[in-house]
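Close look at the chain arrangement
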Amino acid sequence: MRRHVGLWTGVICLTLAASPVLVGLVWVPWDPLSLGPERLAAPSVSHPMGTDWFGRDTWSRLAIGGRASFAVALLSVAAGGIAGTALGGFAGYVGGTWDEITMRLVDALLAFPALLLALLLGAAWGPGLAGVATALALFNLPFFARVARAGFRSIREREFVLAARASGARGGWIMVRHIAPNIASPLLVQATVGLGAALLAESSLSYLRLGVQPPYPAWGRMLREAQDFFPHYPWPAVFPGLALALAVLGLNLIGDALRDSLDPVLRRVIRLRPS
Amino acid sequence: MIGHLVRRVGGAGLTLLVVALFVFVAVQVVPGDPARVVVGPDASPEDYAAARTRLGLDTPWPVRFVSWVGAFVAGDWGDSLLYNRPVRPLVLSGLAVTLPLAGLALGMALLLALPLGTIAAGRVGGWLDMGTVGFLQLGTALPEFWLGILLVGLVAVAWRLLPAGGFPGWGEPRAVASLVLPALSLALPRGAYLARMVRASLADVLAEDYVRSARAKGLPELRIVAVHALRNALVPILTTAGLTLARLVAGAMVVENVFGLPGLGRLTVVAVEGRDLPLLASAAAVVAGLVVIVSLVVDLGYALLDPRMRER
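What comes next concerns the included structure.

Criteria and cut-off values
- Residues numbered from 1 in each chain as written.
- Chains lettered and ligands numbered in written order.
- Predicted model: local features only at pLDDT ≥ 70, side-chain atom pairs only at ≥ 80, totals over all residues.
- Heavy atoms only, no water.
- Helix = DSSP H or I, 4+ residues; strand = E, 2+ residues; numbered from the N terminus.
- Buried < 20%, exposed > 50% of the residue type's maximum accessible area, 1.4 Å probe, protein only.
- Contact = heavy atoms within 4.5 Å.
- Buried area = accessible area lost by both parts, 1.4 Å probe.
- Salt bridge = Lys/Arg side-chain N within 4 Å of Asp/Glu carboxyl O.
- Polar contact = N/O pair within 3.5 Å; in protein donor to acceptor, adjacent residues only side chain to side chain.
- Nonpolar A, V, L, I, M, F, W, Y, C, P; charged D, E, K, R; others polar.
- Expected span 1.5 Å × (residues − 1).

**Here's the deal with the overall build of chain B**
Regarding its fold elements, chain B presents 12 helices and zero strands. The linear arrangement of helices and strands in chain B, starting from the amino end, is α-α-α-α-α-α-α-α-α-α-α-α. Taken along its principal axes, the extent of the C-alpha atoms in chain B is 90 × 55 × 35 Å. Here chain B holds 312 residues, and the buried ones make up 46% of them.

Following this line, the structure appears as structure tokens:
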């Protein structure tokens, strides 16, 4: 029961945070780039979240900026997830030297905070979105690689794998058809948590002026622009931060709920009560 | 134990080498032709060739990588293009801000995590636990830089309690005071995360048979939790705390920019914006190297505390 509470709270938080983006798919009230006469306005009927220093509508900028943030986060988790699962799964299945080499590379990648990767790629490719997306994919890769490796290693010893091998199935078929479906749930949990981390990292980077370039909005960049006016004009600094925190909170709650319901060992820990 | 030590240190050394290779490829191989940038687009082929020789670009990149690593180990980190100064003192002075900042944040995070995690673990599933867990979930999700902005606005600008940003330099009267708010904005989310670890590992230990025995002996609850349980829960907690230090160094990179602190993160961002590749290479290598070394130390500490971890 408890995990359903967590799950639904998470879904509600995420929906709330993404509401400008979701509504923005069909309707954006203002042009997010056009300057308006009302600067630093408080929330009102015409500007539900107020305006920034240039008189641009915060709700509309959240909608358009969030689109890029969510797209980059989803893309990087998908790319890093697929590459990491393939690498780690293969390493775990075949073991030996290949396993050693892959895991050494993965460990080295883990040593790079997402931010540092993005800064390095920003220097190499310029400050655009491509560097940020690649960096976040590389940041996600090692986590998936570790989960997949552990899963493949433990499952390759199981009898149904032996049975498949005995019936003449090839390695690739066994990995994709027999092993991969069994580690789908930890990978799903990792994807949910990774999405929150990617969203947070993307916003940190756009705060550091990497990624989406002005005048186009991004949540982190909006916060940077609002920083100088806080706390005298709080609204432009409140809403993007709130949206970001709620989105990450929602994703974490959903991830935890999935983990609890999919992992019977952890569920036992949650249930236990000192008598 | 010796075998484990050698294996771990050797592994970390290899990882460091791969890390250096990543940095080198990103900074030296990908960005195009620095010789072209130095001489400009209209230079004669002779000038261009001379510049290539001068910058050492006429040798293949694996050779350049080896000599770059050699120079780095020997302490020759090159000159910063932006500051016109050797890179090493710049990076070291950045480290002198970033490391104390991360250390202070870790201290604050532990101060938050141990009591909160213990309170929550005392009655897993109870309303106090649920409330604490909810609060911790909220804390974990807070973006560090947003927290920084809010703290500057409220504590420094509106209430004028602490410096709003900048760093006067060590030995100046407000040096530590100017690290408090940045450390706090790093410590709250990380501390919340740590507290959840404390709760989980303490709850695990509290379910053990020896805790039941201690209860059966009639020991006071405080002694059971503080002496019997917490000590055994400490191993995973310390591991997480060590890894948190690595995360804090990374988080400090953003927060330094919120507060205008002249640490490694600020330097790295300045280096990217000014395309100061020698500075960027060294700063990035130092940050990533720091993460590897901290993880190694944590790993060894783990083996020291828990003999079961030595085999594998």
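Next comes the rest of the write-up.
**Here's the deal with the interface of chain B and chain A**
Each partner contributes residues to the interface: chain B has 51 residues there, and chain A has 47 residues. Of the roughly 4200 Å² buried where chain B meets chain A, counting both sides, 75% is carbon and sulfur surface. Three residues, B:Phe145, B:Trp146 and B:Ile149, lead the burial of chain B against chain A; their summed loss comes to 14% of the area buried on that side. Our count for the contact surface shared by chain B and chain A stands at two salt bridges. The closest approach of N and O atoms between B:Glu273 and A:Arg209, which form a salt bridge, is 3.1 Å. One can count seven residue pairs in polar contact (both at pLDDT 80 or more) joining chain B with chain A. Counting residues per element, the ones that place at least two in the side of chain B that touches chain A are helix 1 (2-29), helix 6 (127-141), helix 7 (144-158), helix 8 (177-206), helix 10 (221-259), helix 11 (264-273) and helix 12 (277-305) of chain B. Within the side of chain B that touches chain A, the residues separate by chemical class into 37 nonpolar, eight polar and six charged.

**Concerning helix 3 (residues 96-110) of chain A**
For helix 3 of chain A, which comprises 15 residues, the first-to-last C-alpha distance of 21 Å matches the rise-based estimate of 21 Å (1.5 Å per residue) to within 8%. Taken as a whole, helix 3 of chain A has its buried residues at A:Asp99, A:Thr102, A:Met103, A:Val106, A:Ala108 and A:Leu109.

**Focus on the pattern of salt bridges**
Two side chains with opposite charge may pair up if their charged atoms get near one another. The tally for this structure, following the rule as stated, stands at 13 salt bridges over all chains. Notably, a salt bridge pairs A:Arg104 with A:Asp107, separated by 3.6 Å at the nearest N-O pair. With A:Arg104 and A:Asp107 both in helix 3 and three residues apart, the pair spans about one turn of that helix. A:Asp107 sits in the partly exposed class, given a relative accessible area of 23%. For B:Arg199, the salt bridge identified is with B:Asp129, shortest N-O distance 2.7 Å. Placement of B:Arg199 in helix 8 and of B:Asp129 in helix 6 is noted, with a sequence separation of 70 residues between them.

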